[in-house]
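# Understanding the architecture of this molecule
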Amino acid sequence: MVSTSLSGDESGLRSRPIVIGEQSFPYYFGRDCITEIGAAIAALGADRLVFVTDDEVLSRYRRDIDRLAGSIPSLILSHPSGESMKTLTCLSGHLENALRAGITRRSVVVSFGGGVPGNLAGLMANLLFRGVRLVHVPTTTIAAMDSVLSLKQAINSEVGKNHLGTYYAPEAVFTDVEFFTTLPERELRSGLCEMAKNCLAIDPSALAGLRAVIGNMTAPDSLLWLLDASIAAKSAVTRDDTYERGAGLVLEYGHTVGHAIEICDHRVRGTAGLPHGAAIALGMLVAAHISHARGWLSDDEVSVHYEIVTGLGVEPALPDSVRIDDVLAVVAGDNKRGYLPPRPDAVPFVLLRALGRPEYTGDLPLVPVAVREIRAALDVIAQPSASAPVVVG
């Protein structure tokens, strides 16, 4: 169960151990704690820091990066923000630049920004000299509350998302919740959609706390609670699942269709497309409708999905730019293929029997879902008037 409060002084750095199978690392977070984070990074004794970020984050937080670097020789590798970072071309360019700059086995790669720089930095750290130290400094809610709570580091192929990757543990994660208070509302709410996933699929007892903070999401106390609750929920399913190939697969709730919607939208609208969390929220609605059609989720449980998704500011409908046939084509290449015996008319899916209770096939929280079931659910969210009623409270 997730604790709904934090005790003690909420300034400075707090610590939570992250245990993922046989791997563990500390997660430090607090308010107004850039100085403390910089001191902790300096204590690693790196001969050089390589910051991996994107152009938008760099323009917003250049002063903070300089404060974190202090007197340590540093290289900043940046790229226009968005999925174009998660490519072999960008990865190769960053690796070559780091090597030309004189990186050694004593150097530390520091991801600074959202989940995309985090994934890119993770792969870089793993590849350089077969492994140099990695530190994450997430500045977005989606990175802080989801992506850094994993060993998965991946970039995209031309076929789909996260097809090329590895597993690699950071030395530590550091964040200052003050970063989140400066985010555009679109980015802030995107990250909280992943926390909503944790509540709906893993720990529905945390829904009351999530409801309490939805109306005041930028308050530091709310952000601290959300971060702590995310750590607790995700740790609950990865503690004994290093590679997220067992119970940890429940974290894919909403992702099969959500990733496909995100890819299709960005192909048309580029960076103006749906943020990751909003796409995952739509994916959760699709999963909820499939479960409801099978007689697993009740009307009220589907309505809870709509309440939380709309409360987070996500329009519960497919964007006009997204065609159902295109979504289904991307779903066919989802990266969970192979976990279940192959079926030509179905893909592996995380579905819920009840809130917090995924359906299993053997020891995996996955079930085969026919393409016709996915299409029927997409048809529902493509026509918002046909969607489930929203129950508030």
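No experiment lies behind these values; they were computed from the predicted model shown.

Attention now goes to the pairing of strand β9 (residues 172-176). Among the five residues that make up β9, five are buried, leaving the element largely enclosed by the rest of the structure. Burial along β9 is two-sided: Ala-172, Phe-174 and Asp-176 and Val-173 and Thr-175, pointing in opposite directions, are all buried. Relative to β9, strand β2 (residues 23-31) runs parallel, the two sharing four bridges. Following the sheet pairing, Gly-30 is matched in β9 by Asp-176. In this sheet, β9 lies alongside strand β6 (residues 133-138) in parallel orientation, the contact comprising two bridges. What sits directly across from Val-135, in β9, is Ala-172.

The next subject is the environment of Tyr-61. Here Tyr-61 is to be found in helix α2 (residues 55-69). Residues Tyr-61 and Gly-113, 52 residues apart in the sequence, show an inter-C-alpha distance of 9.2 Å. Among residues more than four places away in sequence, those in contact with Tyr-61 are Phe-112, Thr-139, Phe-179, Thr-182 and Leu-183. One polar contact links Tyr-61 to Thr-182, side chain to side chain, over a distance of 2.6 Å.

Another point: the packing of helix α7 (residues 185-201) against helix α11 (residues 276-293). For any two helices packed against each other, the geometry is given by the interaxial angle and the distance between the axes. Remark: α7 packs on α11, axes separated minimally by 6 Å, with the N-to-C direction vectors making an angle of 35°. Of the two possible hands of crossing, α7 and α11 adopt the one that is left-handed. Residue-level contacts link Ser-190, Cys-193, Glu-194, Lys-197 and Leu-200 of α7 to His-276, Gly-277, Ala-278, Ile-280, Ala-281 and Met-284 of α11. When the residues that make up the contact of α7 with α11 are grouped by side-chain class, the tally is six nonpolar, three polar and two charged.

Here the focus is helix α8 (residues 207-214). What α8 keeps buried is the set Leu-207, Gly-209, Leu-210, Val-213 and Ile-214. Projection of α8 onto a plane perpendicular to its axis shows the buried side chains occupying an angular sector of 160°, all on one side. With respect to the buried face of α8, the exposed residues turned more than 90 degrees away are Ala-208 and Ala-212. Check the buried side of α8 and you find it contacts α7, α9 (220-238) and α12 (299-311).

As a further point, take the pattern of salt bridges. A pair can form between side chains of opposite charge whenever their charged atoms are brought close. All told, the structure shown has 22 salt bridges when counted by the stated rule. For the salt bridge of Glu-244 with Lys-152, the shortest nitrogen-to-oxygen distance reads 3.2 Å. One end of the pair, Glu-244, is in the loop between α9 and α10 (255-269); the other, Lys-152, is in strand β7 (residues 152-155), and 92 residues separate them in sequence. Among the salt bridges present, the one from Glu-185 reaches Arg-189, with a minimum N-O distance of 2.7 Å. In this pair, Glu-185 and Arg-189 both sit in helix α7, four residues apart, roughly one turn of the helix. By relative accessible area, which is 52% here, Glu-185 ends up exposed.

Before going further, it helps to examine the side chain of Thr-242. In this fold, Thr-242 is placed in the loop between α9 and α10. The class for Thr-242 is buried, based on a relative accessible area of 17%. Here Glu-22 takes part through its backbone nitrogen, which lies 3.3 Å from a polar atom of the side chain of Thr-242. Those residues in contact with Thr-242 that lie beyond four places of it in its chain are Ile-20, Gly-21, Glu-22, Gln-23, Leu-151 and Tyr-167.

The subject of this paragraph is the packing of α7 against α9. Packing of α7 against α9 brings their axes to within 10 Å, and their N-to-C directions diverge by 40°. Classified by the angle their axes make, α7 and α9 are oblique. Seen from above, α7 lies across α9 with left-handed handedness. Residues Leu-188, Leu-192, Met-195 and Asn-198 of α7 lie in contact with α9, whose contacting residues are Leu-223, Trp-225, Leu-226, Ala-229, Ser-230 and Ala-233. Across the contact of α7 with α9, the residue classes break down as eight nonpolar, two polar and no charged.

Right, let's talk about the environment of Ser-190 for a bit. Within the secondary structure, Ser-190 sits in helix α7. With a relative accessible area of 6%, Ser-190 lands in the buried category. Separated by 144 residues in the primary sequence, Ser-190 and Ala-46 place their C-alpha atoms 34 Å from one another. Once residues lying within four places of it in the same chain are set aside, the contact partners of Ser-190 are Ile-142, Pro-275, His-276, Gly-277 and Ala-278.

The set of residues buried in helix α1 (residues 34-42) consists of Ile-34, Ile-37, Gly-38 and Ile-41. Viewed end-on, α1 has its buried residues packed into an arc of 100°, placing them on one side of the element.

On to the nonpolar core, then. Nonpolar side chains in soluble globular proteins generally cluster together in the buried interior. With 109 residues, the main nonpolar core has Tyr-27, Ile-374 and Leu-378 as its most contacted residues. Counting 22 residues, the second largest nonpolar core, distinct from the first, contains Leu-75, Leu-77, Val-116 and Leu-120.

To continue, consider empty space enclosed by the protein. Under the defined criterion, the tally for this structure stands at two cavities of 30 Å³ or more. For the largest cavity, the calculated volume is near 70 Å³. Along the walls of the largest cavity sit Gly-160, Lys-161, His-163, Thr-256, His-259, Ala-260, Ile-263, Val-330, Gly-333, Asp-334 and Asn-335, which together make up its complete lining. Examining the composition of the lining of the largest cavity, we find that four residues originate from one element, α10, more than from any other.

Calculation criteria
Residues numbered from 1 in each chain as written. Predicted model: local features only at pLDDT ≥ 70, side-chain atom pairs only at ≥ 80, totals over all residues. Heavy atoms only, no water. Buried < 20%, exposed > 50% of the residue type's maximum accessible area, 1.4 Å probe, protein only. Helix = DSSP H or I, 4+ residues; strand = E, 2+ residues; numbered from the N terminus. Pairing = 2+ DSSP bridges. Contact = heavy atoms within 4.5 Å. Polar contact = N/O pair within 3.5 Å; in protein donor to acceptor, adjacent residues only side chain to side chain. Axes fitted to C-alpha atoms, helices over the stretch in contact; angles between N-to-C directions. Left-handed = near helix turned anticlockwise from the far one by under 90°. Nonpolar A, V, L, I, M, F, W, Y, C, P; charged D, E, K, R; others polar. Arc of directions from axis to C-beta. Salt bridge = Lys/Arg side-chain N within 4 Å of Asp/Glu carboxyl O. Parallel < 35°, antiparallel > 145°, perpendicular 65-115°, else oblique. Core = buried A, V, L, I, M, F, W, Y, C linked by side-chain atoms within 4.5 Å. 1 Å grid on protein atoms, 1.4 Å probe; cavity = no way out; pocket = protein on both sides within 12 Å on 5 of 7 lines; lining within 4 Å. Points joined across faces, edges and corners; volume = space filled by probe spheres on them.

Without other data, these values stay purely geometric and don't point to any function.
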